[in-house]
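Understanding the architecture of this molecule
The chain contents come next:
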Amino acid sequence: MKLSTRARYGLRALIDVGLYSDTETVSIQSIANRQNISVSYLEQLMAKLKRAGLVESTRGACGGYRLARPVEEISVGDVLRVLEGSLEAVECSGNEENSSCKSADLCVAKYVWKRINDSITEAVDTLMLGELIDESRKKQMQFRNKDL
């Protein structure tokens, strides 16, 4: 499975919002500058994340974005599904009840596909945005301390 720039940039943008929206909203321009993402592309990503209820926005001169839910309640899987859709590496109907697949009864490869898909789901659904934000803060501190 290969994730698109939509998923990669969207996750980076959401981490950025989580890092910088503790006291005020984060402008799209500041996210774009820090993450090196074009403003127009970022606007599209943030619109999707807003429709999905992951961020909320405020209009006006002091407007911007903030997370709509606590970081402990937003999984990486939530973000990736909004931006990518299905996260299945292989679409196989052989594992479904009443499968239309003609080979389902004899196919053993379906167990491989199921295991891969389950592993991806497990990985992204148990990794929370808060963990990535904490890790980002640690990295920033290490970087700052290195320069002292």
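What comes next concerns the included structure. (Residues numbered from 1 in each chain as written. Predicted model: local features only at pLDDT ≥ 70, side-chain atom pairs only at ≥ 80, totals over all residues. Heavy atoms only, no water.)

Helix and strand content of the protein: six helices and two strands. Secondary structure elements of the protein occur, N-terminal to C-terminal, as α-α-α-β-β-α-α-α. Computed over the C-alpha atoms, the radius of gyration of the protein is 19 Å, more than 25% above the 15 Å expected from 2.2 N^0.38 for a compact globule of 148 residues. Here the protein displays about 9500 Å² of accessible surface, and carbon together with sulfur accounts for 50% of that area. Where the 21 positive side-chain charges of the protein centre and where its 21 negative ones centre are 6 Å apart. (Helix = DSSP H or I, 4+ residues; strand = E, 2+ residues; numbered from the N terminus. Rg over C-alpha atoms; globule rule 2.2 N^0.38 Å. Areas by Shrake-Rupley, 256 points an atom, 1.4 Å probe, with all protein chains shown as cover. Lys, Arg positive; Asp, Glu negative; His and termini not counted. Charge placed at Lys NZ, Arg CZ, Asp CG, Glu CD.)

Counting across every chain of the model gives one aromatic pair. Each ring, one from Y9 and one from Y41, has its centre 5.9 Å from the other, and the planes form 75°; the classification is edge-to-face. Remark: Y41 occurs in helix α3 (residues 39–51) and Y9 occurs in helix α1 (residues 5–20); sequence separation between them is 32 residues. Judged by its relative accessible area of 24%, Y9 falls in the partly exposed class. Directly above the ring of Y20 sits R34, whose terminal nitrogen or CZ lies 3.8 Å from the centroid. (Phe/Tyr/Trp six-rings, centres within 6.5 Å; stacked < 30°, edge-to-face > 60°. Buried < 20%, exposed > 50% of the residue type's maximum accessible area, 1.4 Å probe, protein only. Lys NZ or Arg CZ within 6 Å of the ring centre and 35° of its normal.)

Now for the nonpolar core. In terms of nonpolar packing, the biggest core is built from 31 residues, with L14, L42, M46, L49, L67, V79 and L129 touching the most fellow members. Here the element with the most residues in this core is α1; it accounts for seven residues. Non-local contacts of L129, meaning those with residues more than four positions away in its chain, are made with L11, L14, I15, L67, V71 and I74. (Core = buried A, V, L, I, M, F, W, Y, C linked by side-chain atoms within 4.5 Å. Contact = heavy atoms within 4.5 Å.)

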